[in-house]
Amino acid sequence: MIPPRLAEYGIKDEEWLHTMQQAVYKNVEDEILLDIQKRSVEHDRWDIVYLLSYLAGLETSVLLDAENKIFIDWGLPGSVHLKQPIGAKIPFKLWVHTHPRMDTYWSRTDKDSLAFSTLLLQNASVLGRQGIKTSRNSTLVEIDEYRSMSDAEPLQFWTDEAIEDWETWYEDRDIMFDETNSLTNICWLATFNERR
Ligand SMILES: [Zn+2]
């Protein structure tokens, strides 16, 4: 089984199978893998981004700059930090990074990254096994009322928001799963069963 809607993004089944295999081999420089990751980002398919990171056991970071240009980075868990890639224009719209096979929360390093980018970054999300956690920067994004990540500046400007669990995330996007008994399906389900 293939994750739902891949064909809509122009991704062929064999490209997906190739990509899963490359992810398992930690071959995250693979062109097809990176292209699928980019297309997943373009379609807000953060589940696919997380799945690739999960399979590889490596952390990935995605940055959308002021012009929606996508910058992708990979590294060992905990080693991928927010940085300004060459050619990226500020303010950055979104920074998403993963906690492969780990919990969804803002780590100390993550909070340092957010504090450091208060003048540069509008929104940030972390993807982990429970789902997606987002924070918005009230100095760059209009927000009425919000709970702060901290009482002290600059984290005071960042919102503290609940995790959106994967199940709800799928439901909200009307993404349905086709339960067939293929190898890919088993792998997919095994991966995502861990989110519970
Ligand atoms: Zn993190």
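Above this text is the structure in question.
This structure is a prediction, so every number in the text was calculated from the model and none was measured. Along each chain, the written sequence defines residue order, and numbers are assigned to residues from 1. Whole-chain, interface and lining totals are the exception, using all residues; otherwise, since this is a predicted model, local features are given only for residues with pLDDT of at least 70 and side-chain atom pairs are given and counted only at 80 or more.

J.: Where do I start with the sheet that holds strand β2 (residues 70-75) in this structure?
T.: Hydrogen bonding along the main chain pairs the strands of a sheet, whether they run parallel or antiparallel. Any two strands between which DSSP finds at least two bridges are classified as paired. Secondary structure counts use DSSP, requiring at least four H or I residues in a row for a helix and at least two E residues in a row for a strand, with both numbered from the N terminus. One open sheet holds the 6 strands; their spatial order is β2-β1-β3-β4-β5-β6, and the pairing between them is mixed. Where the open sheet ends on each side, the last strands, each with one partner, are β2 and β6 (164-165). The pairing of strand β5 (residues 131-136) with β6 spans 2 bridges and is antiparallel. Bridging from a neighbouring strand, G131 pairs with D165 of β6. By definition, residues are in contact whenever their C-beta atoms, placed on the basis of the backbone, come within 7 Å of each other. Axes here mean lines fitted to C-alpha atoms, for a helix over just the part in contact, with angles spanning 0 to 180 degrees between N-to-C directions. Of the strands in this sheet, β1 (59-64) and β2 touch helix α2 (residues 31-42), which is tilted by about 125 degrees from β2.

J.: Explanation requested: helix α1 (residues 13-24) in the structure shown.
T.: Two residues of an α-helix separated by three or four positions point the same way, owing to the 3.6 residues in each turn. For α1, built from 12 residues, the straight-helix expectation of 16 Å at 1.5 Å per residue is met to within 8% by its first-to-last C-alpha distance of 17 Å. Once C-beta atoms are placed from the backbone, each residue is buried if 20 or more other C-beta atoms lie within 10 Å of its own, exposed if 12 or fewer, and partly exposed for counts between those two. Buried within α1 we find W16, T19, M20, Q22 and A23. Taken down its axis, α1 places every buried residue within 165 degrees of arc, on the same side. Where α1 terminates, the next one or two residues include K26, which has phi positive at roughly 60 degrees. Here a helix's expected span is defined as the number of its residues, less one, multiplied by 1.5 Å. The arc under discussion is defined with respect to the helix axis, by the directions toward the C-beta atoms.

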